[in-house]
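Here is how the chains run, residue by residue.
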Amino acid sequence: MSVVALKSRPAESPKPEAKVMALPAPPKSRLAIRRILSDIAGRVLPPAVVLVVLLAIWQVAFSGQTSGLPTPSTVWTESADLILDPFYVYGTQDIGLGWRVLTSLERVAYGFGLAAVVGVLVGAILGQSALMMRGFDPIFQVLRTVPPLAWLPISLAAFMDSRPSAIFVIFITAIWPIIINTAAGVRAIPQDYRNVAAVLRLNQIEFFWKIMVPSAAPYIFSGLRIGVGLSWLAIVAAEMLTGGVGIGFFIWDAWNSSRLTDIIVALVYIGITGFVLDRLVGWIGTVVSRGTAT
Amino acid sequence: MTSTSAKYLHIDRVCKSFTNGSKVTDVLSDIRLTIDKGEFVSIIGHSGCGKSTLLNLIAGLTDVTTGALKLEGREVNAPGPERAVVFQNHSLLPWLTVYDNVKLAVNKVFSATKTRAERHDWILHNLDLVQMTHAADKRPGEISGGMRQRVGIARALSMEPKVLLLDEPFGALDALTRAHLQDAVMDIHARLGNTMIMITHDVDEAVLLADRIVMMTNGPAATIGEVLDVAIPRPRDRIALASHPDYVRAREAVLRFLYERHRFVEAAE
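Since this is a predicted model, take the numbers as computed values, not measurements.

Visitor: Whenever I open this one, the overall build of chain B confuses me. Can you help?
Guide: Along chain B, the regular secondary structure elements total eight helices and 10 strands. In terms of C-alpha radius of gyration, chain B reaches 19 Å, essentially the compact-globule figure of 18 Å for 269 residues. In terms of overall dimensions, chain B has a C-alpha envelope of 55 × 50 × 40 Å along the principal axes. Counting every position in chain B, which comprises 269 residues, the buried fraction comes to 52%. Intrachain contacts of chain B at a sequence separation of at least 6 include 70% that bridge at least 24 residues.

Visitor: Help me understand the nonpolar core in this model?
Guide: Across soluble globular proteins, nonpolar side chains have a tendency to be buried as a group. In this structure, Ile247 of chain A together with Leu127, Ile197, Ile213, Met216 and Val254 of chain B are the most contacted members of the largest nonpolar core, which totals 148 residues. When residues in this core are grouped by element, the largest group, 14 residues, is from helix 9 (residues 204-242) of chain A. Here this core spans two domains, since at least three of its residues come from each of domain 1 (1-82 + 172-269) and domain 2 (92-160) of chain B. Apart from residues no more than four positions distant in its own chain, Leu127 of chain B is found in contact with Val98, Tyr99, Val102, Met132, Thr133, Ala136 and Ala154 of chain B.

Visitor: Is there a simple way to think about the sheet that holds strand 10 (residues 224-229) of chain B in this case?
Guide: Hydrogen bonds along the backbone pair up the strands of a sheet, which may run parallel or antiparallel. All names here are of chain B. The strand order across the open sheet formed by six strands is 6-7-8-3-9-10, and the pairing between neighbours is mixed. Edge positions in the sheet fall to strand 6 (83-86) and strand 10, since each of these pairs with one other strand and no more. Averaged over all pairs of adjacent strands, the angle between strand axes in this sheet comes to 20°, irrespective of strand direction. Here strand 3 (residues 40-44) runs beside strand 9 (residues 212-216); their pairing, made up of four bridges, is parallel. Bridged to Ser42 within strand 9 is Ile213.

Visitor: How should I be thinking about the interface of chain A and chain B in this particular structure?
Guide: How big an interface is tends to be stated in terms of accessible area lost as the parts join. Listed by partner, the interface residues are 19 residues for chain A and 22 residues for chain B. Interface area, chain A with chain B, both sides summed: about 1,900 Å², of which 68% is carbon and sulfur. Among the residues chain A hides against chain B, the three largest losses belong to Val199, Leu200 and Arg201 of chain A. Together they make up 34% of the total. Run the count over chain A and chain B and you get two salt bridges. Between Lys108 of chain B and Glu206 of chain A there is a salt bridge, with its nearest N and O atoms 2.8 Å apart. The tally of links from chain A across to chain B stands at four residue pairs in polar contact (both at pLDDT 80 or more). Looking at the side of chain A that touches chain B, the element that brings in the most residues is helix 8 (residues 191-200) of chain A, giving seven residues. Among the residues making up the side of chain A that touches chain B, the classes are represented as eight nonpolar, six polar and five charged.

Visitor: I tried to follow the domain arrangement of chain B on my own but got confused; where do I start?
Guide: Residues and elements named next belong to chain B. When the domains of chain B are assigned, the result is domain 1 (1-82 + 172-269) and domain 2 (92-160). Each of domain 1 and domain 2 was reduced to a C-alpha centroid, and the two centroids are 26 Å apart. Counting residues at the interface gives 11 residues for domain 1, matched by 10 residues for domain 2. Carbon and sulfur atoms make up 78% of the surface buried where domain 1 meets domain 2, a total of about 870 Å² over both sides. Among the residues of domain 1 in contact with domain 2, Pro81, Leu181 and Ile188 are the three that bury the most area, contributing 49% of the side total. For the pair domain 1 and domain 2, the number of links is zero salt bridges. When grouped by side-chain class, the residues that make up the side of domain 1 that touches domain 2 number seven nonpolar, three polar and one charged.

Visitor: What am I meant to see in the sheet that holds strand 4 (residues 66-71) of chain B here?
Guide: All names here are of chain B. In space, the four strands of this open sheet follow the order 2-1-4-5, with antiparallel pairing throughout. Single-partner strands in this sheet number two, and they are strand 2 (23-35) and strand 5 (74-75). Across two bridges, the pairing between strand 4 and strand 5 is antiparallel. Pairing of Lys70 across the sheet is with Glu75, part of strand 5. The strands touched by helix 1 (residues 51-59) within the sheet are strand 1 (9-20), strand 2 and strand 4, with strand 1 carrying the most contacts at an inclination of about 115°.

Visitor: Sorry if this is basic, but what is going on with the packing of aromatic side chains here?
Guide: For any pair of aromatic rings, geometry is given as the distance between the ring centres together with the angle between the planes. All names here are of chain A. If you walk through the whole model with that rule in mind, you get seven aromatic pairs over all chains. Each ring, one from Phe136 and one from Phe140, has its centre 5.7 Å from the other, and the planes form 35°; the classification is tilted. One end of the pair, Phe136, and the other, Phe140, are both in helix 5 (residues 130-143), four residues apart, so they sit about a helical turn from each other. The partly exposed category is assigned to Phe136, whose relative accessible area is 37%. Since its relative accessible area comes to 10%, Phe140 is described here as buried.

Visitor: Whenever I open this one, the UniProt feature "transmembrane region" (unreviewed entry) in chain A confuses me. Can you help?
Guide: Residue and element names in this part refer to chain A. With numbering aligned to this structure, UniProt lists the feature "transmembrane region" (unreviewed entry) at residues 40-61, 108-127, 139-160, 166-186, 207-226, 232-252 and 264-284. Helix makes up 100% of residues 166-186 and strand 0%, and the two end C-alpha atoms of the span are 30 Å apart. Taken end to end, residues 207-226 comprises 100% helix and 0% strand; its first and last C-alpha atoms sit 26 Å apart.

Visitor: Hey, could you run me through the side chain of Arg100 of chain A in this one?
Guide: Residues and elements named next belong to chain A. You can see Arg100 is positioned in helix 4 (residues 97-128). Given a relative accessible area of 3%, Arg100 falls into the buried group. Other than its neighbours up to four places away in sequence, Arg100 contacts Gln93, Asp94, Ile95, Val245, Gly246, Ile247 and Phe250.

Visitor: Whenever I open this one, the UniProt feature "domain: ABC transporter" (unreviewed entry) in chain B confuses me. Can you help?
Guide: Mapped onto the present numbering, the UniProt feature "domain: ABC transporter" (unreviewed entry) falls on residues 9-243 of chain B. The span residues 9-243 of chain B is 34% helical and 27% strand by assignment, and the distance between its end C-alpha atoms comes to 33 Å.

Visitor: Explain the packing of helix 3 (residues 116-129) of chain B against helix 4 (residues 145-158) of chain B to me, please; I cannot follow it from the model alone.
Guide: When two helices pack together, you describe them by how their axes are tilted relative to each other and by the distance separating the axes. All names here are of chain B. Packing of helix 3 against helix 4 leaves a shortest axis separation of 8 Å and a crossing angle of 135°. The angle between the axes of helix 3 and helix 4 places the two elements in the oblique class. Handedness of the crossing formed by helix 3 with helix 4: right-handed. Note on element contacts: helix 4 touches helix 3 through Ala154, Leu157 and Ser158, opposite Trp122, Asn126, Leu127 and Leu129. Class assignment for the residues of the contact of helix 3 with helix 4 results in five nonpolar, two polar and no charged.

Rules of the game
- Residues numbered from 1 in each chain as written.
- Chains lettered and ligands numbered in written order.
- Predicted model: local features only at pLDDT ≥ 70, side-chain atom pairs only at ≥ 80, totals over all residues.
- Heavy atoms only, no water.
- Helix = DSSP H or I, 4+ residues; strand = E, 2+ residues; numbered from the N terminus.
- Rg over C-alpha atoms; globule rule 2.2 N^0.38 Å.
- Buried < 20%, exposed > 50% of the residue type's maximum accessible area, 1.4 Å probe, protein only.
- Contact = heavy atoms within 4.5 Å.
- Core = buried A, V, L, I, M, F, W, Y, C linked by side-chain atoms within 4.5 Å.
- Domains from an automatic or database assignment.
- Pairing = 2+ DSSP bridges.
- Axes fitted to C-alpha atoms, helices over the stretch in contact; angles between N-to-C directions.
- Buried area = accessible area lost by both parts, 1.4 Å probe.
- Salt bridge = Lys/Arg side-chain N within 4 Å of Asp/Glu carboxyl O.
- Polar contact = N/O pair within 3.5 Å; in protein donor to acceptor, adjacent residues only side chain to side chain.
- Nonpolar A, V, L, I, M, F, W, Y, C, P; charged D, E, K, R; others polar.
- Phe/Tyr/Trp six-rings, centres within 6.5 Å; stacked < 30°, edge-to-face > 60°.
- UniProt positions renumbered as here; feature names shortened; annotations may be inferred.
- Parallel < 35°, antiparallel > 145°, perpendicular 65-115°, else oblique.
- Left-handed = near helix turned anticlockwise from the far one by under 90°.

Below you can see the structure in the form of structure tokens.
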């Protein structure tokens, strides 16, 4: 077998005669533009189509005389001012939804900012000490399941004022995932990095900034991302009860004066803001923890 | 070489055992070894014999159970830059550039004694020692395994350690890169005259680099089985050495120790 195979080979060998032909270069720029366009179309078209279909179904389903909910077209006719101009000011209580979202975001900024700082520090301490972890973890696991609004009465009783209470509710809602994720990230710091720190005799503060934070950054940011989402959930609910000028109170106010179309517009604002917050923290996370994965 | 300063690094009847619940495992027992200043010592043994534990003891990363470890007469009980370690898997911080990895060490060790400009020059000098200046701005993820290990060596050297500890530094590298780095280490040893202790499981590496080879018995409760002097003059050339009678004899002695008298017992645990 093998002998035959060996012998037959030389007969086949004088074959390579193909010429190298240069292919005409494709018009690069036009091709690139077309690719980008089709890429955008591929991302934008499907959700746009789904949105249109959903709106159409909604329109048809609630067009009847007896329907209790407005259709998309009635939302447009009755609340177009809210959609078109988010930043109008007609009076202290009559302001655009953009302002209301910003007021709510300000509270989130205080509550979530505080939760981020405290959460990362507490998480770092728990992650460093197995004993502390064993002591605190079960308590945190229970506390984190408490719904945001359940904190509100206690908070009101403690602060005697709606504004700090709302901020506290955000703080207490957002802090648990930050603590738990940071602690997990700190525990996951490779022993090698700890050895390097030990040989260099880095002190606690140097270790925190130079090893712990960069190494645990992916964990910390996934905790922050969950936290910011929860904050946004909590503020809307808390404002419904505490009042003020936030977007949550706007919904409650609109409900009391039977402006259903306004509520629907507000829901869209809330959804988009929450989405943007989530993406923002995610984006900061990728920028900060760049190069961490080897 | 052995006569100048006695008892530079003195390991005196050191035992190490790990306790896990009620179970006590003896890893090292009765290690006695004295290493002179400027000496290059290789520690060889089968995997699991506690070589790395011994190195960690010298580094101060783990505490001795009984016995004492002294460097220049002072007891070793904590890690520190005067006993710099080149880790098995380079242990560079992936979010820092090559330059910044060395800078972290230099800034920590020389913050009081060198100015900013001097520290900068010192970082570049050490990168130059391992021929890595060209990649100073790259991150560890962007350079090859051999280069990372070079940077690891530069970082350790930059601390101006009294003793440089190398924990199987080339174990994960291919044979050609390894030979390259062995030459680099020999060159640095010749130029700086550091005291170096290197863990290895490669017989050729041990003989080529070391003044003395410390051979460890198998664990548990491993100890030093034999110490072999390698009296081959330096500088050593790997090609000329291949047929050198002293080299062949030393190699044979180590092989005999590892494969005849202290065969590795599979699945000892």
